[in-house]
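# Tertiary structure, described
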Amino acid sequence: MTPQEAIKYITECGLNIEQPLHDAVLECTVNALEKQIPEKPIPADEQNIRYSMNFICPACRKHFSGTGIADYCYHCGQALDWSDTE
């Protein structure tokens, strides 16, 4: 099962859970699954590190440097898609 399929199942399967704790658990689960879906990093407007590119995480909007160094954001854990990145 892919993260997209799991999110669809959790949000659309008609779970009728009334308790706030269960709602919080489901929200946390969906957020964690969404972070597993790779997103392209955003090139930062300001490039101030020599010999390295600066990027912005598409999820948490925090800055990091280096192209293709990590498969995830150092700050929030968002999976990153480096395809088509120069």
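Right, let's walk through the structure included here. Predicted model only: the values in this text are computed from it and were never measured.

## Looking at the overall build of the protein
- Of the regular secondary structure elements, the protein holds 2 helices and 3 strands.
- Along the chain direction, N to C, the helices and strands of the protein fall in the order α-α-β-β-β.
- Expressed as a percentage of its 86 residues, the buried residues of the protein come to 24%.

## What to know about the environment of Cys60
- One can find Cys60 in the loop between strand S2 (54-56) and strand S3 (63-65).
- We classify Cys60 as partly exposed; its relative accessible area is 27%.
- Cys60 sits 16 residues away from Cys76 along the chain, and the two C-alpha atoms are 6.5 Å apart.
- In this view, Cys60 contacts Cys73, His75 and Cys76; residues no more than four positions away in its chain are not counted.

## With respect to the sheet that holds S3
- In space, the 3 strands of this open sheet follow the order S1-S2-S3, with antiparallel pairing throughout. Edge positions in the sheet fall to strand S1 (42-43) and S3, since each of these pairs with one other strand and no more.
- Two elements, S1 and S2, share 2 bridges in a ladder whose sense is antiparallel. Bridging across to S2, Pro43 finds its partner in Phe55.

## Side note on unusual backbone geometry
- A positive phi angle is found at Arg61, which is not glycine, with a value near 65 degrees.
- Relative to the elements of secondary structure, Arg61 occurs in the loop between S2 and S3.

## Comments concerning the pattern of salt bridges
- Inspection of the entire model under this criterion finds 1 salt bridge.
- In this structure, the salt-bridge partner of Lys40 is Asp81, at a minimum N-O distance of 3.3 Å. With Lys40 in the loop between helix H2 (20-35) and S1 and Asp81 in the segment after S3, the pair connects residues that are 41 residues apart, well separated along the chain.
- Overall, Lys40 belongs to the partly exposed group, its relative accessible area being 39%.

Cut-offs used in this document
Position labels on residues start from 1 in each chain and follow its written sequence. Where totals are concerned, whole chains, interfaces and linings use all residues; where local detail is concerned, this predicted model gives features only for residues with pLDDT of at least 70, and gives and counts side-chain atom pairs only at 80 or more. Based on all heavy atoms of the structure, the side-chain values leave hydrogens and waters out of the count. Strands are runs of DSSP state E lasting at least 2 residues, helices are runs of H or I lasting at least 4, and numbering of each runs from the N terminus. Accessibility here uses a 1.4 Å probe with only protein chains present; expressed as a share of the type maximum, an area under 20% marks a residue as buried, one over 50% as exposed, and anything in between as partly exposed. Two residues qualify as a contact provided that any one of their heavy atoms is within 4.5 Å of a heavy atom in the partner residue. The criterion for strand pairing is that DSSP finds at least two bridges linking the strands in question. Here, a salt bridge means any side-chain nitrogen of Lys or Arg that lies within 4 Å of a carboxyl oxygen of Asp or Glu.

Purely geometric numbers; function is a separate question.
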